[in-house]
Amino acid sequence: MFNNYNPINNIEFQILDHNGKIVAKDMLPSIKDADLLKAYKDMLFARTADLQIVSYQRQGRIYTYPPNYGQEAISGAVGSLIKDNDWLVPAFREMGAMLAKGVTLKELFLYFMGYEDGSKYSKAKRTLPISVPIASQFLHAAGLGYAIKYSKDKDLVYAFVGDGGTSEGDFHEAINFAGVWKIPVIFIIQNNQYGISTPTKMQTASQNLAIKSIAYGVKGIKVDGNDYFAMYKTLQESIKICESGEGPVLIEAVTYRKGAHTTSDDPSKYRTKEEEELWDTKDPLKRLKSYLISKKLWTDKEEEKIIEQYKVEVDRQFIEAENYGPYPKEDIFKYMYAEMPDDLKEQEKEYERFLEWKASRTK
Amino acid sequence: MKIMNMVNAINDALDIKLNEDRSVVVYGQDVGVEGGVFRVTEGLQKKYGADRVFDSPLAESGIVGTAIGMSIAGLRPIVEMQFCGFIYPAFNQIISHAARMHNRSRGDHKTPMVIRMPYGGGINALEHHSESMEAIFGHIPGLKVVAPSTPHDAKGMLISAIESNDTILFMEPKRIYRAIKQEVAEGKYTIPLGKANVISQGKDVTIVSFGAMIREVQKAIVMAKEAGISVELIDLRSIYPIDKETISKSVKKTGRIITVTEGPKSFGLGAEISQIAIEEAFLHLEAPPVRVSGFDVIVPLPKGEHHYMQDPYKIFYEIEKIVKY
Ligand SMILES: Cc1ncc(C[n+]2csc(CCOP(=O)(O)OP(=O)(O)O)c2C)c(N)n1
Ligand SMILES: [Mg+2]
């Protein structure tokens, strides 16, 4: 399959078209109805949460947040296939994949409310915290991949970056290392057309992003990232490649950031309504929904009902996070080192003396 | 005169230099079409064209490294690092080349460029958006590092930085980008780099600070005044080169010195300034120099940030202690 979709030919792999019609029947992965429905619902849940967070942010109940809106099928397909023992290496726009690993919404809320505790995942195994310095996490993924190969384990690494991230040196070093080491890492570029205000065509003169794989001697593919089936099939094939020792793989998942870059961004400064409307017709959930309805697996009524349930659940976890309580001062010191230096202990004590003094003065 | 905040003042300085000097170019992530995430470069691409004000690919090392090449060729690039925490991919280019080219080529190649970078905390930001790591940069031989605390200073200092034949790291206190408005002279003026500014005269204690912390110190000075303590406030403005003369003159007068900085304590700017006081005014000191600084920890996320930041009480607490020493 990767040969048929060699990025040099600049074809985008698609199975489910914008109208919810299957256009590459022979490629359609066999997924049980129940599993497909679960995947759709997971994406719907992620979208419901995502939209709700933006409104919490407007109400001043959470700080800056980068919406996932419009990109759910990429994380959704990873979520369907990633195993407990596989590593997830996120950037910061992969809510669905994180939830699939077992990160809770509450934990994500805590993080965006400004608690480091939100990066300590109580249930999710082998999930790295959100990485803000663009593309830096790609190298960690290569290191994790090396460790897997070294231990002769069968696990995989799923790593994420944005289109903008492909300009950073770390991106290139990671793919290069992984290529040299032949390690089981699936590198996923979420090409959502922008890095903040900068369009992908200003990041690179390459005709697509997947093509960068060729220079590093690794397999690459450009895929419609708003097509759950195409994403699923691509990942399935990538897993096979990695398992046979032929990894890594570089996937360019073409999508669109329907929301703002973050809640402090105003997209009207750099893109048009027409463009947004065009991409709206390619929405990943709309597409899968039409397909499910045509297969009599889903109805509008069910959807309305379940969204109401999801909203309640999102709100429940949000309020739990809101009631998390004050931030204990010792927490700023306690995790700095595995073994805390004496001087740092002394700084903490000095801070306590100051707080006592302050309390006595501000009574 | 025109009322401006620091964003307006920096924009004005860029505008003036772009207008009068064809060798000036401005680039970085999102600085062109969008005018920067803080809108500092807003309107400049429209006015001067996309070959002079433009968006770069997302790569800090690329931005600084290419600016070195441009500056060697005679341009005067002004590049933006989107946030203080994202300058590190460019560290190699800064420390290995920008700071060394002049010396390496025995003065043959100059690197007259400005690296602008919003720094500092107190804005409820995500990780990596709140650091104040001036000490790391002040430690690099060959690099000059400055940080204004007012719109007036920002404009005059930036024009000086652009006109300088050295590489200047221009640190912008984003917390007060829009918080302070004042009358700023229209047209061109410069403020020499390397000169501190005595903001208020006093006789009991000298406080040396810079950037966004100046405002916090001023609040503490009001508290001190009520307690009958008179504080002299020095706005350093330039981290390197550092104005030893202004510091030592003041310490000789007051006999006491407190430094107020946002960065972590150890190996920080406070230690450098204290040592200057010891070297230059040892016999005048009536108490050991005191550092009010961050702890040696990562700047906490918003919910814990108040534990880290210097508030006026923390400063007043030390003022009270030092006069009683
Ligand atoms: C090293 C680094 N430089 C700059 C930034 C500021 N920044 C945050 S997101 C972003 C754009 C990222 O674009 P892309 O990689 O396409 O990811 P997207 O946000 O579109 O998901 C930038 C420049 C950063 N976080 N890290
Ligand atoms: Mg992007």
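Residues numbered from 1 in each chain as written. Chains lettered and ligands numbered in written order. Predicted model: local features only at pLDDT ≥ 70, side-chain atom pairs only at ≥ 80, totals over all residues. Heavy atoms only, no water.

### Comments concerning the environment of Lys-324 of chain B
Okay, step 1: Mapped onto the secondary structure, Lys-324 of chain B falls in helix α12 (residues 312-324).
Okay, step 2: Placed 250 residues apart in sequence, Lys-324 of chain B and Gly-74 of chain B show a C-alpha to C-alpha distance of 56 Å. (Helix = DSSP H or I, 4+ residues; strand = E, 2+ residues; numbered from the N terminus.)

### Remarks on the domain arrangement of chain A
Okay, step 1: Per the domain assignment, the segments of chain A are domain 1 (7-322) and domain 2 (330-362).
Okay, step 2: Computed from C-alpha coordinates alone, the two centres of domain 1 of chain A and domain 2 of chain A are separated by 40 Å. (Domains from an automatic or database assignment.)

### Description of a nonpolar patch on the surface
Okay, step 1: On the surface, Ile-278, Phe-282 and Leu-283 of chain B cluster together to form a nonpolar patch covering roughly 350 Å² of accessible area.
Okay, step 2: Checked against the element boundaries, Leu-283 of chain B lands in the loop between α10 (269-281) and β14 (290-294). (Patch = residues over 30% accessible without salt bridge, like charges linked within 9 Å, V, L, I, M, F, W, Y side chains within 5 Å. Areas by Shrake-Rupley, 256 points an atom, 1.4 Å probe, with all protein chains shown as cover. Salt bridge = Lys/Arg side-chain N within 4 Å of Asp/Glu carboxyl O.)

### Some details on the packing of aromatic side chains
Okay, step 1: Under the definition given, this model contains 36 aromatic pairs over all chains.
Okay, step 2: Ring geometry for Tyr-111 of chain A against Phe-112 of chain A: centres 4.9 Å apart, planes inclined by 85 degrees, an arrangement best described as edge-to-face.
Okay, step 3: For Phe-112 of chain A, a relative accessible area of 6% gives the class buried.
Okay, step 4: Seen in terms of ring centroids, Phe-38 of chain B and Phe-83 of chain B are 5.3 Å apart; in terms of plane orientation they differ by 65 degrees. Their pairing is edge-to-face. Taken as a pair, Phe-38 of chain B in the loop between β2 (24-28) and α2 (44-48) and Phe-83 of chain B in the loop between β4 (76-80) and α4 (91-98) lie far apart in primary sequence, 45 residues in all.
Okay, step 5: Through successive ring pairs, a cluster of aromatic residues spans Phe-333, Tyr-351, Phe-354 and Trp-357 of chain A together with Phe-295, Tyr-313, Phe-316 and Tyr-317 of chain B.
Okay, step 6: Over the ring of Trp-279 of chain A we find Lys-282 of chain A; its NZ or CZ atom is 4.2 Å from the centre of that ring. (Phe/Tyr/Trp six-rings, centres within 6.5 Å; stacked < 30°, edge-to-face > 60°. Buried < 20%, exposed > 50% of the residue type's maximum accessible area, 1.4 Å probe, protein only. Lys NZ or Arg CZ within 6 Å of the ring centre and 35° of its normal.)

### Thoughts on the packing of helix α4 (residues 105-113) of chain A against helix α11 (residues 300-322) of chain A
Residue and element names in this part refer to chain A.
Okay, step 1: Orientation of α4 relative to α11, taken along the N-to-C sense of each, is 50 degrees, at an axis distance of 9 Å. Classified by the interaxial angle, the pair formed by α4 and α11 is oblique. Once α4 is placed against α11, the crossing between them reads as right-handed. Contacts from Leu-105, Lys-106, Phe-109, Leu-110 and Met-113 of α4 reach α11 at Val-314, Gln-317, Phe-318, Glu-320, Ala-321 and Glu-322.
Okay, step 2: Its residues assigned to classes, the contact of α4 with α11 comprises 7 nonpolar, 1 polar and 3 charged. (Axes fitted to C-alpha atoms, helices over the stretch in contact; angles between N-to-C directions. Parallel < 35°, antiparallel > 145°, perpendicular 65-115°, else oblique. Left-handed = near helix turned anticlockwise from the far one by under 90°. Contact = heavy atoms within 4.5 Å. Nonpolar A, V, L, I, M, F, W, Y, C, P; charged D, E, K, R; others polar.)

### A closer look at the site of ligand 1
Okay, step 1: As a structural note, the neighbourhood of ligand 1 is formed by 20 residues, with Arg-93, Asp-163, Gly-164 and Tyr-194 of chain A together with Glu-60 of chain B the closest of them.
Okay, step 2: Near ligand 1, the surrounding residues belong to chains A and B.
Okay, step 3: For ligand 1, an oxygen atom lies 3.4 Å from a polar atom in the side chain of His-261 of chain A.
Okay, step 4: A per-class count over the shell around ligand 1 returns 8 nonpolar, 8 polar and 4 charged. (Near = heavy atom within 4 Å. Polar contact = N/O pair within 3.5 Å; in protein donor to acceptor, adjacent residues only side chain to side chain.)

### What about the coordination of the magnesium ion (ligand 2)?
Residue and element names in this part refer to chain A.
Okay, step 1: Protein coordination at the magnesium ion (ligand 2) comes from Asp-163 (OD), Asn-192 (OD1) and Tyr-194 (O), with a distance range of 2.0 Å.
Okay, step 2: Read in sequence order, the donor residues for the magnesium ion (ligand 2) give the motif D-x28-N-x1-Y.
Okay, step 3: Overall, the relative accessible area of 7% leaves Tyr-194 in the buried class. (Donors = N, O, S within 2.8 Å, 3.2 Å for Na, K, Ca; no water.)

### A short note on empty space enclosed by the protein
Residue and element names in this part refer to chain A.
Okay, step 1: All told, the structure shown has 4 cavities of 30 Å³ or more when counted by the stated rule.
Okay, step 2: Of the volumes computed, that of the largest cavity is approximately 80 Å³.
Okay, step 3: Contributing to the lining of the largest cavity are Ile-53, Tyr-65, Pro-66, Asn-68, Phe-92, Arg-93, Glu-94, Met-95, Met-98, Leu-108, Phe-112 and Ile-130.
Okay, step 4: Of the residues in the lining of the largest cavity, the class split is 9 nonpolar, 1 polar and 2 charged.
Okay, step 5: A volume near 40 Å³ is recorded for the second largest cavity.
Okay, step 6: A class-by-class count of the residues in the lining of the second largest cavity yields 7 nonpolar, 3 polar and no charged. (1 Å grid on protein atoms, 1.4 Å probe; cavity = no way out; pocket = protein on both sides within 12 Å on 5 of 7 lines; lining within 4 Å. Points joined across faces, edges and corners; volume = space filled by probe spheres on them.)

### Overview of unusual backbone geometry
Okay, step 1: With an omega dihedral of 0 degrees, the bond running from Gly-247 of chain A to Pro-248 of chain A counts as a cis peptide bond.
Okay, step 2: A cis amide bond links Tyr-240 of chain B with the next residue in sequence, Pro-241 of chain B, at an omega value of 0 degrees.

### Some remarks on the pairing of strand β7 (residues 168-173) of chain B
Residue and element names in this part refer to chain B.
Okay, step 1: Counting buried residues in β7 gives 6 out of 6 residues, a clear majority hidden from the surface.
Okay, step 2: Of the two faces of β7, the one holding Ile-168, Phe-170 and Glu-172 and the one holding Leu-169, Met-171 and Pro-173 are both buried throughout.
Okay, step 3: Of the pairings in the sheet, the one linking strand β5 (residues 114-119) to β7 comprises 6 bridges and is parallel in character. Its bridge partner being in β7, Val-114 is matched across the sheet by Ile-168.
Okay, step 4: With 3 bridges joining them, strand β6 (residues 144-146) and β7 adopt parallel strand pairing. Within the sheet, the bridge partner assigned to Val-145 lies in β7 and is Leu-169.
Okay, step 5: Since β6 and β7 lie parallel, the crossover through helix α7 (residues 151-163) that links them has a hand, and here it is right-handed. (Pairing = 2+ DSSP bridges. Right-handed = clockwise from strand over helix to strand, strands pointing away.)

### So, the interface of chain A and chain B
Okay, step 1: Counting residues at the interface gives 42 residues for chain A, matched by 42 residues for chain B.
Okay, step 2: For the chain A and chain B pair, buried surface summed over both sides reaches about 3,700 Å², with 61% attributable to carbon and sulfur atoms.
Okay, step 3: Linking chain A to chain B there are 4 salt bridges.
Okay, step 4: The partner of Lys-321 of chain B in a salt bridge is Glu-350 of chain A, with the nearest N and O atoms 3.4 Å apart.
Okay, step 5: For the pair chain A and chain B, the interface holds 15 residue pairs in polar contact (both at pLDDT 80 or more).
Okay, step 6: Contributing elements (two or more residues each) for the side of chain A that touches chain B: α4, α12 (331-334) and α13 (342-361) of chain A.
Okay, step 7: Here the side of chain A that touches chain B gets 10 residues from one element, more than from any other, and that element is α13 of chain A.
Okay, step 8: Split into classes, the residues belonging to the side of chain A that touches chain B amount to 20 nonpolar, 11 polar and 11 charged. (Buried area = accessible area lost by both parts, 1.4 Å probe.)

### Here's the deal with the domain arrangement of chain B
Residue and element names in this part refer to chain B.
Okay, step 1: Per the domain assignment, the segments making up chain B are domain 1 (2-184) and domain 2 (197-324).
Okay, step 2: Once you take the C-alpha centre of each, domain 1 and domain 2 turn out to be 26 Å apart.
Okay, step 3: Each side of the interface is counted separately: domain 1 has 30 residues, and domain 2 has 26 residues.
Okay, step 4: The contact between domain 1 and domain 2 buries some 2,100 Å² in all, and 58% of this surface belongs to carbon and sulfur atoms.
Okay, step 5: The tally of links from domain 1 across to domain 2 stands at 2 salt bridges.
Okay, step 6: Arg-175 serves as the salt-bridge partner of Glu-216, at 3.9 Å between the closest nitrogen and oxygen.
Okay, step 7: On inspection of domain 1 and its partner domain 2, the count reaches 7 residue pairs in polar contact (both at pLDDT 80 or more).
Okay, step 8: Going through the elements one at a time, α6 (134-138), β6 and α7 are the ones with two or more residues in the side of domain 1 that touches domain 2.
Okay, step 9: Residue composition of the side of domain 1 that touches domain 2, by class: 16 nonpolar, 8 polar and 6 charged.

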